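Coordinate inspection notes
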Amino acid sequence: MSGTLPFAVVPDPRAIDPCLVDDLERAGAQVSEAVPLAGLTTLRVGGPARVLAECPTTASLIEVVRLLDTAAIPVLLLAGGSNVLISDDGFDGVVVHIGSNTIRIDDSIVTADAGAEWDTVVAQSIDAGLGGLECLSGIPGSAGATPVQNVGAYGVEIASLLRSVELLDRATGEVRHTEPAELGLAYRTSVLKHSDRAVVLSAEFELQRGGSSAPLRYGELARVLGASDGESRPAAQVREAVLGLRRGKGMVLDRADNDTWSAGSFFTNPVVSGEQLPAVLAKIVARVGDVTIPQFPAPDGTKLSAGWLIERAGFEKGFPGIDAPARLSTKHTLALTNRGSARASDIVALARSVRDGVATAFGVLLEPEPVPVGLAL
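Starting afresh in each chain, residues are numbered from 1 along the sequence in its written order. Totals for whole chains, interfaces and linings use every residue, but because this is a predicted model, local features are given only for residues with pLDDT of at least 70 and side-chain atom pairs only at 80 or more, for both listing and counting. Water and hydrogen atoms play no part in the side-chain values, which are based on all heavy atoms of the structure.

This paragraph deals with the layout of surface pockets. A cavity here means a set of points on a 1 Å grid, drawn over the protein atoms and nothing else, where a 1.4 Å probe fits but cannot get out; a pocket is an open set with protein on both sides within 12 Å along at least five of seven lines, and a residue lines either one if it has an atom within 4 Å of a point. Grid points are joined across faces, edges and corners, and a volume is the space filled by probe spheres set on the points. One number sums up the size of the second largest pocket: a volume of about 760 Å³. Lining the second largest pocket are 31 residues, with L76, L77, V148, S195 and V371 sitting closest to its centre. For the lining of the second largest pocket, the secondary structure elements donating two or more residues are β3 (75-78), β5 (91-98), α4 (145-149), β13 (198-206) and β20 (371-373). It is β3 that provides the largest number of residues to the lining of the second largest pocket, a total of 4 residues. Only DSSP runs of H or I reaching four residues or more are called helices, and only runs of E reaching two or more are called strands; each is numbered from the N terminus.

Here it is in structure tokens:
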């Protein structure tokens, strides 16, 4: 051994500090390392989490996030995983999985922890004789995501039902209740989206007693129920009709159906300004002829149907073909689906192809609805 330099062990920069694990567990988390994230998202793609901290209660969620923020450790918050696209490289930090799922009903007020399964919230509210949430049946994900996205479907948005949101302010570590007016709720967005300033801990909804639905404002749903615009029906009946429509479009999660291995509607319906609209409509007519173009008034212009534009740009259901790992749903062109072996890169490539094709055909740029993590669309 004479004359030989001593061997130096170089620490793995990705190694987890055992003290961090101990601290997270003392805060109430269940900690695992190198956990594949694909199984925690509805698209079923995504690489590993360096550390996964399961937080079964609101108290553990608060303490874990405070601890990680104080230590300046990168955090990814994940609950239902229905509106996120995680890169194949995963997340080199701590993924905090929100497991708090208590649902409380007091008279006409429904309060749901952030990790509560959204469709369970809807079902329990209807079972309690309350109306208002029925049009939002079958939407995958958690209750905490609904104000972040201002989730909406079949003519109803969370903004019309939300009473307050309980937030953890990550700058101060304080917990506070926030009124809807402070959240900047707009079409599929809020001040909480694409921001790490706060964590939703719970959401409170004010519904109506008597078991009747909200007034029906969506033509397709009203026709199925034999109702006129603005009429109501029993909330339970509306829920079943909504679930039927969503199943027909592959929008209700089903492990046996790859058309449901998606993030739901991948693109938001574009809102075109009054100045842009004539040129866009002219491009549509030039490509597909003088047809009825779905148009809806919106605060900042005219809302067009993203699914309709995708199809008219030449992207049919099932595009690009049966052997592709990522395809448009065979039931609904607005959903990008994992056929069983897709990676995040496959989903991104398909999204870019569709987005660019619509932009070339009609001059409309489609915006993705899922939040990207570690990648760009």
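This is not the end of the story, as more comes after the structure.
All right, on to the environment of V242 then. For V242, the location among the structural elements is in helix α6 (residues 235-248). Note on V242: relative accessible area 0%, which makes it buried. Distance from V242 to A153, taken between C-alpha atoms, is 9.3 Å for residues 89 residues apart in sequence. Dropping the residues within four chain positions of it, V242 is found in contact with E134, C135, S137, Y154 and L221. Buried, partly exposed and exposed residues are distinguished by accessible area as a fraction of the type maximum, computed with a 1.4 Å probe on protein chains only: under 20%, between the cut-offs, and over 50%, respectively. We call two residues contacting when some pair of their heavy atoms lies within 4.5 Å.

What follows concerns the packing of aromatic side chains. For this analysis, a ring pair means two rings from Phe, Tyr or Trp (six-membered ring only for Trp) whose centres lie within 6.5 Å, classed as stacked if their planes differ by under 30 degrees, edge-to-face if by over 60, and tilted for the remaining angles. Under the definition given, this model contains 4 aromatic pairs. Measuring from ring centre to ring centre gives 5.2 Å for F266 and F267, while their planes differ by 70 degrees; the resulting arrangement is edge-to-face. Taking 4.9 Å as the distance between ring centres and 90 degrees as the angle between the ring planes, the aromatic pair formed by F315 and F319 counts as edge-to-face. The exposure class of F315 is buried, given its relative accessible area of 8%.

Looking now at the environment of S125. Counting through the fold element by element, S125 comes out in helix α3 (residues 118-127). Classification of S125 as buried rests on a relative accessible area of 0%. Separated by 17 residues in sequence, S125 and S108 have C-alpha atoms that sit 8.9 Å apart. From its side chain, S125 meets the backbone oxygen of V122 in a polar contact 2.7 Å long. We call two N or O atoms a polar contact when they sit within 3.5 Å, provided that within protein one can donate a hydrogen and the other can accept it, with sequence-adjacent residues counted only if both atoms are side-chain atoms.

The next subject is the confidence of the model for the chain. For every residue, the pLDDT score states the predictor's confidence, bounded by 0 at the bottom and 100 at the top. Put simply, the chain has an average pLDDT of 94, and 96% of its residues get 70 or more. Predicted confidence is poor over residues 1-14, with pLDDT under 50, and the contacts of this stretch with residues over four places away or in other chains come to 3 contacts.

In this model, α6 (14 residues) spans 20 Å end to end at C-alpha, consistent with the 20 Å of a helix rising 1.5 Å per residue. For α6, the set of buried residues is A235, V238, R239, A241, V242, L243, L245 and R246. On its buried side, α6 packs onto α3, β8 (130-131) and α5 (219-225). Once α6 finishes, G250 follows within two positions and takes phi at roughly 70 degrees, a positive value. Multiplying 1.5 Å by the helix residue count minus one yields the expected span of that helix.

Okay, the nonpolar core next. Nonpolar side chains in soluble globular proteins generally cluster together in the buried interior. Note on terminology: a nonpolar core comprises buried Ala, Val, Leu, Ile, Met, Phe, Trp, Tyr and Cys residues joined through side-chain atoms within 4.5 Å. Counting residues in hydrophobic clusters, the biggest one holds 63 residues, and the most contacted among them are V64, W118, V121 and L221. Sorting elements by how many residues they give to this core places β13 first, with 6 residues. Filtering out sequence-adjacent residues up to four positions away, W118 remains in contact with L133, L136, I139, G141, S142, A143, T146, I158 and F205. In this structure, I293, A306, A361 and F362 belong to the second largest nonpolar core, which totals 35 residues.

With that settled, the discussion passes to unusual backbone geometry. Here the bond from F319 into P320 is cis, since omega is 5 degrees, no more than 30 degrees from zero. For P320, the location among the structural elements is in the loop between α8 (306-312) and β18 (326-328). Not every positive phi belongs to a glycine, and R44 is a case in point at roughly 60 degrees. The topology assignment puts R44 in the loop between β1 (30-36) and β2 (48-55).

To continue, consider the sheet that holds strand β11 (residues 162-169). Strand pairing follows a simple DSSP-based rule, namely that at least 2 bridges must link the two strands. With antiparallel pairing, 5 strands are arranged side by side in an open sheet as β6-β7-β13-β11-β12. The two strands at the open ends of the sheet, each matched to only one other strand, are β6 (103-106) and β12 (175-178). Between one strand and the next, the sheet's axes are offset by a mean angle of 20 degrees, whatever the strand orientation. Sheet analysis places strand β7 (residues 109-113) next to β13, joined by 5 bridges and oriented antiparallel. Opposite A112, over in β13, you have A203 as the bridge partner. Axis lines are fitted to C-alpha atoms, over the contacting stretch for helices. Their N-to-C directions set the angle, which ranges from 0 to 180 degrees. Contacts from helix α2 (residues 58-70) reach β7, β11, β12 and β13 within the one sheet, and its direction differs from that of β13 by about 150 degrees. Its contacts with the sheet put α3 on β6, β7 and β13, and the angle it makes with β6 is roughly 25 degrees.

An ideal rise of 1.5 Å per residue puts 18 Å on 13 residues; α2 measures up with 18 Å between its terminal C-alpha atoms. All of the buried residues along α2 are T58, S60, L61, I62, V64, V65 and L68. Where α2 ends, the next residue or the one after it, A72, has phi of about 55 degrees, a positive value.

Another point: the pattern of salt bridges. A carboxyl oxygen of Asp or Glu within 4 Å of a side-chain nitrogen of Lys or Arg is what we treat as a salt bridge. Under the counting rule described, the total for this entry stands at 19 salt bridges. Of the charged contacts in the structure, one is a salt bridge between D113 and R104, with a shortest N-O distance of 3.4 Å. The buried category is assigned to D113, whose relative accessible area is 7%. The residue D257 makes a salt bridge to K331 at a minimum N-O spacing of 3.0 Å. Pair noted here: D257 is in the loop between α6 and β15 (271-272) and K331 is in the loop between β18 and β19 (336-338), with a separation of 74 residues, a long-range link. When salt bridges with common partners are traced through the structure, they connect D257, D259, K331 and R339 into a single cluster.

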